Amino acid sequence: MKIGEFSKLVGLSISTLRYYEDQGFLHIERQNGIRNYHAEDVGFVQFIKRLKDMGMPLANIKRYADLRYAGAHTARERMTLLQEHYRFIDAEIKRLEGYKNNLEDKLKLYETLVEKNGIK
């Protein structure tokens, strides 16, 4: 499919898709100089978006993409990249849980204050 149709399908702008291709995140087949996206590109672009949303640095996403395009023999290295990012996310969740717990404690104080003083 052409870039406009693919852009709508994956929810990314045409300029973002071109950037991803220019930076090597995507290797897109061309026919007569026109980009030709395939159904399997949809899943990979969605995966790139998720990695980005999860806070994976672009350099690591690029490394993952390079390994993916290099072939199946890179599976262990790709797995290692994802495991490292999993550990990062796990640490972030724990950090945010601490903030959430602190906020819950503060909210309880305010709830008590409001109830005690009849504040509406």
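Thresholds applied
Residues numbered from 1 in each chain as written. Predicted model: local features only at pLDDT ≥ 70, side-chain atom pairs only at ≥ 80, totals over all residues. Heavy atoms only, no water. Helix = DSSP H or I, 4+ residues; strand = E, 2+ residues; numbered from the N terminus. Rg over C-alpha atoms; globule rule 2.2 N^0.38 Å. Buried < 20%, exposed > 50% of the residue type's maximum accessible area, 1.4 Å probe, protein only. Areas by Shrake-Rupley, 256 points an atom, 1.4 Å probe, with all protein chains shown as cover. Axes fitted to C-alpha atoms, helices over the stretch in contact; angles between N-to-C directions. Parallel < 35°, antiparallel > 145°, perpendicular 65-115°, else oblique. Left-handed = near helix turned anticlockwise from the far one by under 90°. Contact = heavy atoms within 4.5 Å. Nonpolar A, V, L, I, M, F, W, Y, C, P; charged D, E, K, R; others polar. Salt bridge = Lys/Arg side-chain N within 4 Å of Asp/Glu carboxyl O. Expected span 1.5 Å × (residues − 1). Arc of directions from axis to C-beta. Core = buried A, V, L, I, M, F, W, Y, C linked by side-chain atoms within 4.5 Å.

Draft legend 1. Inspection of the overall build of the protein chain at higher detail. Helix and strand content of the protein chain: five helices and two strands. Counting helices and strands in the order they occur from the N terminus, the protein chain gives α-α-β-β-α-α-α. Relative to the compact-globule value of 14 Å for 120 residues, the protein chain shows a C-alpha radius of gyration of 22 Å, a clear excess of over 25%. Dimensions of the protein chain, computed from the C-alpha atoms along their principal axes, are close to 75 × 35 × 20 Å. Split into buried and exposed, the 120 residues of the protein chain put 26% on the buried side. Surface summary for the protein chain: the accessible area is close to 8,500 Å², and the carbon and sulfur share equals 55%.

Draft legend 2. Just the packing of helix α4 (residues 58-70) against helix α5 (residues 75-117), in detail. The geometry of α4 relative to α5 is characterised by a closest axis approach of 9 Å and an angle of 160° between their N-to-C directions. By the criterion of interaxial angle, the relationship of α4 to α5 is roughly antiparallel. The way α4 lies across α5 gives a crossing that is left-handed. Between α4 and α5, the contacting residues are Asn60, Arg63, Tyr64, Leu67 and Arg68 on the first element and Glu77, Arg78, Leu81 and Leu82 on the second. Class assignment for the residues of the contact of α4 with α5 results in four nonpolar, one polar and four charged.

Draft legend 3. Expanded view of the pattern of salt bridges. Counted according to the given criterion, the structure contains six salt bridges. Arg30 serves as the salt-bridge partner of Glu21, at 3.4 Å between the closest nitrogen and oxygen. Residue Arg30 is classed as partly exposed on the basis of its relative accessible area of 43%. A salt bridge links Glu92 to Arg95; its shortest N-O distance comes to 2.7 Å. Of this pair, Glu92 and Arg95 both sit in helix α5, three residues apart, which is roughly one turn of the helix. Overlapping salt bridges, with partners in common, bring together Glu21, Arg30 and Arg35 in one network.

Draft legend 4. Spatial organisation of α4. In this model, α4 (13 residues) spans 18 Å end to end at C-alpha, consistent with the 18 Å of a helix rising 1.5 Å per residue. Taken as a whole, α4 has its buried residues at Ile61, Tyr64, Ala65 and Leu67. Looking straight down α4, one finds its buried side chains confined to an arc of 165°; they lie on one side. The inward-facing, buried residues of α4 abut α3 (39-53) and α5. A positive phi of about 125° marks Gly71, the residue just after α4.

Draft legend 5. Looking closely at the nonpolar core. Among the nonpolar cores identified, the biggest contains 22 residues, and Phe6, Val10, Leu17, Leu26, Phe44 and Ile48 are the most heavily contacted of them. Counting residues per element, the ones that place at least two in this core are α1 (3-10), α2 (14-22), α3 and α4. In this structure Leu17 touches Ile3, Phe6, Ser7, Val10, Leu12, Leu26 and Tyr37, once residues within four positions along its chain are discounted.

Don't take any of this as a statement about function, it's just geometry.
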